[in-house]
Amino acid sequence: MIALLTTPILMFRQPRPPDPDQDLVTRAQQGDTRAFDALILKYGDKLYGLVYNMTSHKEDTHDLLQEIFARSYQSLGKFRGSSTFYTWIYQISTNLTLNFLKKRKRRTGLSLNDMESSVQQDPALIDTTHEANPEKQTNLNELQIKLNEAMMKLSEPHRMVVTMFDIQGMSHADIAKVLKTSEGTIRSRLHYAHLQLQSALQDSWEERF
């Protein structure tokens, strides 16, 4: 009877899915630089987006990415697969970025020439009629500035979760793994950050649209 009761419990213990990057990681750990280059190529754009949305400065982003890639390569031998490579390199990226931001005064004046068009690419804000309406397009650009300014006024932890969830489409579970916290904490930070952004943008949206 004891065996019958314990067997179903063992059956529901699902092994963690294999890391899709394990082959490249193993080869890179063995000195194959092309394998490491392939990993960077795979995640480079997402890491750029993460860092840029945190710093809002292209030169700082490029400098940080070089440091992230160098640190990842130097530490690759210590990677033991307790998490996926994706989570591991994101942890390195978030730690280095947050440490950098602590040493740098937060920029609040942002230029459209130095910003990505992430707001204009947001399906919730896109209206194709704006392209044929210069006044509407100008208003949308001004709203983008307001959003960027509001984002930079968030604390780093709140800006980080908004970047990961709303801009990069990461799940609560993946964000929690990267930041080494609970999903409940991630949801709480997102809720607070969304309220702050909504409050900052509401007047501009009502006035212009």
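One structure accompanies this document, and this report is about it. Fair warning: this is a prediction, and the values are worked out from it, not measured in the lab.

This brings us to the overall build of the chain. Looking only at helices and strands, the chain features nine helices and zero strands. For the chain, with 209 residues in total, the buried portion stands at 40%. Long-range contacts, defined here as pairs at least 24 residues apart, represent 70% of the contacts in the chain between residues at least 6 apart. If you sum the accessible surface of the chain, you get close to 12,700 Å²; carbon and sulfur atoms cover 52% of it.

What follows deals with helix H8 (residues 172–179). What H8 keeps buried is the set Ile-175, Ala-176, Val-178 and Leu-179. Taken around the axis of H8, the buried residues stretch over an arc of 165 degrees, which confines them to a single face. The positive-phi residue at the C-terminal boundary of H8 is Lys-180, with phi of around 55 degrees.

Quick look at the environment of Tyr-90 now. If you trace the backbone, Tyr-90 turns up in helix H5 (residues 85–103). With 43 residues separating them in the primary sequence, Tyr-90 and Leu-47 have C-alpha atoms 7.5 Å apart.

What follows covers the packing of helix H3 (residues 33–55) against H5. Look at H3 against H5: their axes get within 11 Å of each other, and the N-to-C directions meet at 30 degrees. Between H3 and H5, the angle falls in the class roughly parallel. Relative to H5, the crossing made by H3 is right-handed. Each of Leu-39, Ile-40, Tyr-43, Lys-46, Leu-47, Leu-50, Val-51, Met-54 and Thr-55 in H3 lies in contact with H5, whose residues at this interface are Phe-85, Tyr-86, Ile-89, Tyr-90, Ser-93, Thr-94, Thr-97, Leu-98, Phe-100 and Leu-101. Of the residues contributing to the contact of H3 with H5, the split by class is 14 nonpolar, four polar and one charged.

Our focus in this paragraph is the side chain of Thr-163. Structurally, Thr-163 is set in helix H7 (residues 156–167). Assessed through its relative accessible area of 0%, Thr-163 is described here as buried. If near-sequence neighbours (up to four positions away) are discounted, Thr-163 is found in contact with Gly-49, Leu-50, Asn-53, Met-54, Met-151 and Gln-168.

Here the focus is the pattern of salt bridges. According to the stated counting rule, one finds six salt bridges in the structure shown. Measuring nitrogen to oxygen at the nearest pair gives 2.6 Å for the salt bridge that ties Asp-21 to Lys-42. Taken together, the positions of Asp-21 in the loop between helix H1 (2–11) and helix H2 (22–29) and Lys-42 in helix H3 put the pair 21 residues apart, joining distant regions of the chain. Taken together, the shared-partner salt bridges in this structure form one network comprising Asp-23, Arg-27, Asp-32 and Arg-34.

Moving on: H7. Over its twelve residues, H7 runs 15 Å from end to end, which matches the ideal 16 Å to within 8%, given 1.5 Å per residue. Residues Glu-156, His-158, Arg-159, Met-160, Val-161, Val-162, Thr-163 and Met-164 constitute the buried set of H7. Directly after H7, the chain includes Gly-169, whose backbone phi takes a positive value near 75 degrees.

Phe-85, Tyr-90, Met-164 and Leu-179 are the most contacted members of the largest nonpolar core, which totals 46 residues. Secondary structure elements with two or more residues in this core: H2, H3, helix H4 (58–75), H5, helix H6 (134–153), H7, H8 and helix H9 (183–208). Top contributing element to this core by residue count: H3, with eleven residues. The contact partners of Tyr-90, leaving out residues within four places of it in the chain, are Lys-46, Leu-47, Leu-50, Met-164, Gln-168, Met-170 and Val-178.

Thresholds applied
Residues numbered from 1 in each chain as written. Predicted model: local features only at pLDDT ≥ 70, side-chain atom pairs only at ≥ 80, totals over all residues. Heavy atoms only, no water. Helix = DSSP H or I, 4+ residues; strand = E, 2+ residues; numbered from the N terminus. Buried < 20%, exposed > 50% of the residue type's maximum accessible area, 1.4 Å probe, protein only. Contact = heavy atoms within 4.5 Å. Areas by Shrake-Rupley, 256 points an atom, 1.4 Å probe, with all protein chains shown as cover. Arc of directions from axis to C-beta. Axes fitted to C-alpha atoms, helices over the stretch in contact; angles between N-to-C directions. Parallel < 35°, antiparallel > 145°, perpendicular 65-115°, else oblique. Left-handed = near helix turned anticlockwise from the far one by under 90°. Nonpolar A, V, L, I, M, F, W, Y, C, P; charged D, E, K, R; others polar. Salt bridge = Lys/Arg side-chain N within 4 Å of Asp/Glu carboxyl O. Expected span 1.5 Å × (residues − 1). Core = buried A, V, L, I, M, F, W, Y, C linked by side-chain atoms within 4.5 Å.

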